[in-house]
Structures are given as C-alpha cells and as structure tokens.
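Descriptive structure summary
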Amino acid sequence: MNPFRLCSGLKVLGYFMIVIVFAIVALSYYAVVLLTLAPHLLHARSFTSFLSFLTFHILLVLLMWSYIKVVIQDPGSVPENWKLVSEQNIEEGNSVALTDYASIENPTPTVSTDQIERRQSQFRGYCSQCQNGQRCVLKMDHHCIWVVNCVGSRNYKFFLLFVMYTFLTTTLDTLVLLPSFIKFFRQAKNHSFSPDNIAVVFLAFVLNLAFSLSLLCFVIMHASLLSSNTTSVEVYEKKKTVHWKYDLGWKRNFEQVFGANKALWFLPLFSKKDLENIPALYGVEFPTRSDTEE
C-alpha cells in the first residue's frame, strides 16, 4: 500500500480543521478585541491596550495571509517523466539536476550502475522502491491536516511563518486575557461580564494557552530542522551520517527556505531574484557540502 495515498484521505478531516481554525480565530478576536481591549480603548485608559490592539491586528493579518498561502500553494510535485542526468552531464557545484525522459531518446549507455545509484542517492527524496522521487511532494516535510496540504519545498516557508505567527498571536492573546482569567470568579460575582462573556473569555484563554505551549515545542523543533537544512522525513537519515550533506551553514540553510531578500523574510512572498538564483526554492536542485562528495 502506498502510504502517500493517505494524504488524499486526510483532506476530508482537513477541511473540517480549516473551519476550526477560523472558529478559533473568531472566538479569540471576540474575547481579546471586543470584550477585553475595546472597553479600555473607548475610554482611552491605557496605551498598553492600544499597543496590544495594534500588534494583535498586525499579527492576525500576517497569520491569515501565511495560512491561506500554505493552504493554496502546491508544495511541488515530481514530474512524471524524468530521470537523473548522467554523471558526465552533471554541472560542477555539487548540485543534482533533473531532466525529462522525453528529451532523451537514447540514454547514455556508458554510465555504470554504481554511478547511477550514487547519483540517485544524492537526489533529495529519491525512492529506490518506486524508482522515482517522492511521489507526494518535493522535499516533503509532512502532511498537515490543519492546512489540508502537504508541506514541501514550495510552501515550507509559508508553513513556518504560519506556525510562528500563530505562536506569537496565541501568546499575545494569553497575556491579554490573563488578568480576566485570574479575576474569573470575581467577575462572575460582580457581574462585570455576562455569564456568556465570561465563558467566552475563559474558553479563549484556555485554547490560546494550549496552542501557545504546544506551538512553542513545534517552533523549537522546526527551528532546529531549519538550521541544519533537514526535513522531518530526513531526520532518521541524517542520524546515520557524520556530516549532513545538505547542511550549508545556518545562513545558507535559512536562505534555502526563506530566500536571500531580507525584506521578504517575514512575509509569505518570494522575490523574483530569489526564485531565479535559489533553485532549492523550486525543489528540484539542492546544493550539497563539498566535504561530502562521493
């Protein structure tokens, strides 16, 4: 059984998860902005409330922008008719290139089996069982039911930004709602909030705290993977090597995902120049360390 077929089976659950995401955002917005911050802003009682109000909306826009991008962006599929180029046609620079079967009527017979196998092992995600690259996506990291999509080379940046902005937003929500949560029973006795509003604030605080804590672990994990230019699928393979061949140093590793244009690092966008100069963003060529050449 091909496990990647499970990706399509998870879509039904994924669409439901999208509804949950928007529901949590709506609940948090009502609790944080309308119930907690708005009363302070109407009476101009707190500069902190205004700053929290502004920060919340900026993070929310970035969060939703990143979320929509990772949902709709194709993570990148391996072309149906392709093969690794022969040993003598591979450009210098420790990269692995792809070419189409249709463009090669008579494959070069001079390449040995050992050479082909070595080059296949250098193609990131090459599957020796199906004699192809990853069937699901290029540079696959995982299938995320929260975004109804696989996370791969072409949407990994958007996914990381979504996770980061969700963590920052839920942390801010937790801090804003914390005083109301502490005074939960007191407010109930004084009737400063209606019972329904108290329930909303309580639920929003608990959900945001839970997401904030869980996402903290996720952020740390992916920061570690990003720093070594590794996907979650490749973690086990990396443990078997002394020097991970795709680890180019933290700066170049970061650029392999976020691009070199600093102005766009924290926006779910890529510059045209980055797309032209960083092949890894397309998921078909990946530079490797010179000290791991075979």
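Each value, and the rule that gives it
- Residues numbered from 1 in each chain as written.
- Predicted model: local features only at pLDDT ≥ 70, side-chain atom pairs only at ≥ 80, totals over all residues.
- Heavy atoms only, no water.
- UniProt positions renumbered as here; feature names shortened; annotations may be inferred.
- Helix = DSSP H or I, 4+ residues; strand = E, 2+ residues; numbered from the N terminus.
- Expected span 1.5 Å × (residues − 1).
- Buried < 20%, exposed > 50% of the residue type's maximum accessible area, 1.4 Å probe, protein only.
- Core = buried A, V, L, I, M, F, W, Y, C linked by side-chain atoms within 4.5 Å.
- Contact = heavy atoms within 4.5 Å.
- Salt bridge = Lys/Arg side-chain N within 4 Å of Asp/Glu carboxyl O.
- pLDDT = per-residue confidence, 0-100.
- Bend = angle between axes of the 7 residues up to and from the residue.
- 1 Å grid on protein atoms, 1.4 Å probe; cavity = no way out; pocket = protein on both sides within 12 Å on 5 of 7 lines; lining within 4 Å.
- Points joined across faces, edges and corners; volume = space filled by probe spheres on them.
- Nonpolar A, V, L, I, M, F, W, Y, C, P; charged D, E, K, R; others polar.
- Patch = residues over 30% accessible without salt bridge, like charges linked within 9 Å, V, L, I, M, F, W, Y side chains within 5 Å.
- Areas by Shrake-Rupley, 256 points an atom, 1.4 Å probe, with all protein chains shown as cover.
- Disulfide = S-S within 2.5 Å.

As annotated in an unreviewed UniProt entry, the protein chain is S-acyltransferase from Nicotiana tabacum. Its UniProt record gives the protein chain the following Sequence similarities (unreviewed entry) comment, quoted word for word: "Belongs to the DHHC palmitoyltransferase family." The UniProt entry for the protein chain carries this comment under Catalytic activity (unreviewed entry): "L-cysteinyl-[protein] + hexadecanoyl-CoA = S-hexadecanoyl-L-cysteinyl-[protein] + CoA".

**Here we look at helix α3 (residues 47-72)**
Its 26 residues place the ends of α3 38 Å apart at the C-alpha level, agreeing with the 38 Å of an ideal helix rising 1.5 Å per residue. Within the span of α3, buried status applies to Ser49, Ser52, Phe56, Leu59, Leu60, Leu62, Leu63, Met64, Ser66, Tyr67 and Val70.

**Observations regarding the nonpolar core**
Core analysis: the biggest nonpolar cluster contains 43 residues, and Val32, Tyr67, Tyr156, Phe159, Leu160, Leu177 and Phe258 have the highest contact counts within it. Contributing elements (two or more residues each) for this core: α2 (11-42), α3, α5 (156-182), α7 (195-227) and α9 (250-258). The biggest single contributor to this core is α5, with 12 residues. Apart from the residues within four sequence positions on either side, Leu177 is in contact with Ala31, Val32, Thr36, Val201, Ala204 and Phe205. Counting residues in hydrophobic clusters, the runner-up holds six residues, among them Tyr246, Ile278, Ala280 and Phe286.

**Details of the pattern of salt bridges**
Scanning the model with the defined rule gives one salt bridge in all. A salt bridge links Glu255 to Lys251, with the nearest nitrogen and oxygen atoms 2.8 Å apart. One end of the pair, Glu255, and the other, Lys251, are both in helix α9, four residues apart, so they sit about a helical turn from each other. The exposure class of Lys251 is partly exposed, given its relative accessible area of 46%.

**Let's talk about the confidence of the model for the protein chain**
Predicted coordinates in areas of low pLDDT are best not read in detail. Here the protein chain averages 78 in pLDDT, and 70% of its residues register 70 or above. Mean pLDDT across the elements of the protein chain ranges from a minimum in strand β2 (residues 98-100), with 41, to a maximum in α3, with 94. Below a pLDDT of 50 lies the segment residues 86-111, which in the model reaches 49 contacts outside its immediate sequence neighbourhood of four places, other chains included. With pLDDT under 50 throughout, residues 127-134 is counted as low confidence; its partners more than four residues away or in other chains account for 20 contacts.

**Here's the deal with α5**
For α5, with 27 residues, the first-to-last C-alpha span of 38 Å sits near the 39 Å given by 1.5 Å per residue. The sharpest bend along α5 measures roughly 35° and falls at Val176, with the proline Pro179 sitting one to four residues further on. In terms of burial, α5 is a largely internal element, 19 of the 27 residues being buried.

**A few points about the layout of surface pockets**
Reported here for the second largest pocket is a volume of approximately 420 Å³. Mapped by element, the contributors of at least two residues to the lining of the second largest pocket are α2, α3, β3 (142-144), α5 and α7. The class makeup of the residues in the lining of the second largest pocket is 14 nonpolar, seven polar and one charged.

**Let's talk about unusual backbone geometry**
One non-glycine residue, Val148, lies in positive phi territory at about 50°. Here Val148 lies in the loop between β3 and β4 (149-151). Its identity as a non-glycine residue notwithstanding, Asn229 has a phi of 55°, on the positive side. Relative to the helices and strands, Asn229 is located in the loop between α7 and α8 (235-239). Judged by its relative accessible area of 4%, Asn229 is buried.

**Considerations on a nonpolar patch on the surface**
Among the surface-exposed residues, Phe47, Phe50, Leu51, Leu54 and Ile58 lie close enough to one another that they form a single nonpolar patch of about 510 Å² accessible area. By the element assignment, Phe50 lies in helix α3. Phe50 sits in the partly exposed class, given a relative accessible area of 42%.

**Thoughts on the state of the cysteines**
Considering all chains together, one arrives at zero disulfides under this definition. Looking at the unpaired Cys144, the closest cysteine sulfur is the one in Cys150, lying at 9.7 Å. Relative accessible area serves as the criterion here: at 8%, Cys144 is assigned to the buried category.

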